[in-house]
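# What the coordinates show
Each chain is listed here by its residues.
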Amino acid sequence: MVIKTLNKENPFADYGNIVIRPHFVGRGKEITIIENRVLNSNYGNIAVIGLPRIGKSSLVWNTLIEKKNVYKKQNIVFVWLNIGTFSNKKEFYEKLKNKVIFELLKLDKSLSDDLRNVDDIELFFALIKQFQYRVILILDEFDNASNILELADFQLLRELSISPETKICLVTISRKTIQEIEPENGAISNFYGVFTELRLGLFNENDVLQY
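Numbering of residues begins from 1 in every chain and follows the order in which that chain's sequence is written. Under the rules for a predicted model, residues below a pLDDT of 70 receive no local features and side-chain atom pairs below 80 are neither given nor counted, while totals for whole chains, interfaces and linings still include all residues. With hydrogens and water stripped out, all remaining heavy atoms of the structure feed into the side-chain values.

This part is about the nonpolar core. By nonpolar core is meant a set of buried Ala, Val, Leu, Ile, Met, Phe, Trp, Tyr and Cys residues that side-chain atoms within 4.5 Å join together. Only protein chains enter the area calculation, which uses a 1.4 Å probe; residues under 20% of their type maximum are buried, those over 50% are exposed, and those in between are partly exposed. Counting residues in each nonpolar core, the largest one holds 41 residues, and the members touching the most others are Phe 92, Leu 96, Val 100, Phe 124, Phe 125, Ile 128 and Phe 142. To qualify as a helix, a DSSP run of H or I must reach at least 4 residues; to qualify as a strand, a run of E must reach at least 2; elements of each kind are numbered from the N terminus. Broken down by secondary-structure element, the contributors of at least two residues to this core are strand 1 (45–49), strand 2 (76–82), helix 4 (89–105), helix 6 (121–130), strand 3 (134–140), helix 7 (145–148), helix 8 (151–162) and helix 9 (178–181). It is helix 4 that provides the largest number of residues to this core, a total of seven residues. Not counting residues within four places of it along the chain, the set of residues in contact with Phe 92 comprises Leu 81, Ile 83, Phe 86, Leu 139, Ile 148 and Leu 149. Counting 24 residues, the second-largest nonpolar core is a separate cluster that includes Phe 24, Ile 46, Ile 173 and Leu 200. We call two residues in contact when some of their heavy atoms are within 4.5 Å.

Put into structure tokens, the structure is as follows:
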């Protein structure tokens, strides 16, 4: 007689954390939307928006970060920053630069001195573009950006993502829309205007079946 041992592992024990496979299931439609927007040769920015604990961060992590080794042959670098951990923009820019360098050095250690000696953030990303690398910058808890960044910073991020000389890709994760987060402005071009929005809701029927 074969006696089966009951699996006592609680699949919900890590509630509140980013969920990774095999516990991450479903979201096939949303994964395709992100991949088509971010990973194509003609790429652009996307804002993932939704209620707390709806699975925004888990969706982006499993769509992009979990697959970063697949895309390193295409010189694509993924950088994840939690905006909620910064108290001012100086911390943000310093961590941004250091994490980009850290990820790039995994691909090419010879880039170290060239990049560390560049203080201007636009020149920093222009140099990376000249080296034919592409940065996908994922900004989690982007709601906090309104507390640490000023209008000029939003304009800088906009320019970094649309200028052919820098052309980074921005993926934001937030509860509010980009339009609600960015400061009021007059005639200046809007930051939210360069984003596609992905509003994350509850599981659809197929997701529920997989779950």
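Turning next to the sheet that holds strand 5 (residues 195–199). Taken in spatial order, the five strands of this open sheet run 2-3-4-1-5, and their pairing is parallel. If you trace the sheet from one side to the other, it starts and ends with strand 2 and strand 5, each paired once. Between one strand axis and the next, the sheet turns through 15 degrees on average, direction left out of account. When DSSP finds at least two bridges between two strands, those strands are taken to pair. With seven bridges joining them, strand 2 and strand 3 adopt parallel strand pairing. Of the residues in strand 3, the one forming a bridge with Leu 81 is Leu 139. Lines are fitted to the C-alpha atoms to define the axes, a helix being fitted only along its stretch in contact, and any angle between axes, read from their N-to-C directions, falls within 0 to 180 degrees.

Moving on, we get to helix 1 (residues 28–38). Helical geometry: 3.6 residues make up each α-helical turn, so side chains three or four residues apart lie on a common side. The set of residues buried in helix 1 consists of Glu 30, Ile 31, Ile 34 and Val 38. Along the axis of helix 1, the buried positions cluster into a sector of 100 degrees, meaning they face one direction only. Tucked into the core, helix 1 has its buried residues touching strand 1, helix 2 (56–63), strand 3, strand 4 (169–174) and strand 5. As used here, the arc belongs to the directions running from the helix axis to the C-beta atoms.

Once that is clear, we can look at the side chain of Glu 103. Residue placement: Glu 103 occurs in helix 4. Excluding anything up to four places from it in sequence, Glu 103 contacts Lys 68, Val 77, Phe 78 and Val 79.

Okay, the packing of aromatic side chains next. Each pair of aromatic rings taken from Phe, Tyr and Trp, with Trp reduced to its six-membered ring, is defined by centres within 6.5 Å and is described as stacked if the planes are under 30 degrees apart, edge-to-face if over 60, and tilted in the remaining cases. If you walk through the whole model with that rule in mind, you get nine aromatic pairs. With a centroid separation of 5.5 Å and 75 degrees between ring planes, the pair formed by Phe 154 and Phe 191 is classed as edge-to-face. Linking Phe 154 in helix 8 with Phe 191 in the loop between helix 9 and strand 5, this pair joins segments that are 37 residues apart in sequence. Per residue, the accessibility class of Phe 154 equals that of Phe 191, and both read buried. Ring geometry for Phe 191 versus Phe 195: centroids 5.0 Å apart, planes at 75 degrees, classification edge-to-face.

Another point: the pattern of salt bridges. By definition here, a salt bridge exists when the distance from a side-chain nitrogen of Lys or Arg to a carboxyl oxygen of Asp or Glu is within 4 Å. Counted by the stated rule, this structure contains nine salt bridges. Linking Glu 150 and Lys 89 is a salt bridge whose minimum nitrogen-to-oxygen distance equals 3.4 Å. Of this pair, Glu 150 sits in the loop between helix 7 and helix 8 while Lys 89 is found in helix 4, placing the two residues 61 residues apart along the sequence. Take Lys 89: its relative accessible area is 30%, and that puts it in the partly exposed class. Here Lys 106 ties to Glu 103 by a salt bridge, and the two come within 3.3 Å at their closest N and O atoms. Because the salt bridges share partners, they merge into one network encompassing Lys 68, Glu 103 and Lys 106.

Running from amino to carboxyl end, helix 1 crosses helix 2 at an angle of 60 degrees, the nearest separation of the two axes being 10 Å. Classified by the angle between their axes, helix 1 and helix 2 sit oblique to one another. Where helix 1 crosses over helix 2, the handedness of that crossing is right-handed. From helix 1, Glu 30, Ile 31, Ile 34 and Glu 35 reach across to helix 2, where they touch Leu 59, Val 60 and Thr 63. Residue polarity follows a fixed list, in which Ala, Val, Leu, Ile, Met, Phe, Trp, Tyr, Cys and Pro are nonpolar, Asp, Glu, Lys and Arg are charged, and the others, Gly among them, are polar. Here the residues of the contact of helix 1 with helix 2 sort into four nonpolar, one polar and two charged. If an angle is under 35 degrees, it is roughly parallel; if it is over 145, roughly antiparallel; if it lies from 65 to 115, roughly perpendicular; otherwise it is oblique. For any pair of crossing helices, the crossing counts as left-handed if the nearer helix is rotated counterclockwise from the farther one by less than a right angle, and right-handed if it is rotated clockwise.

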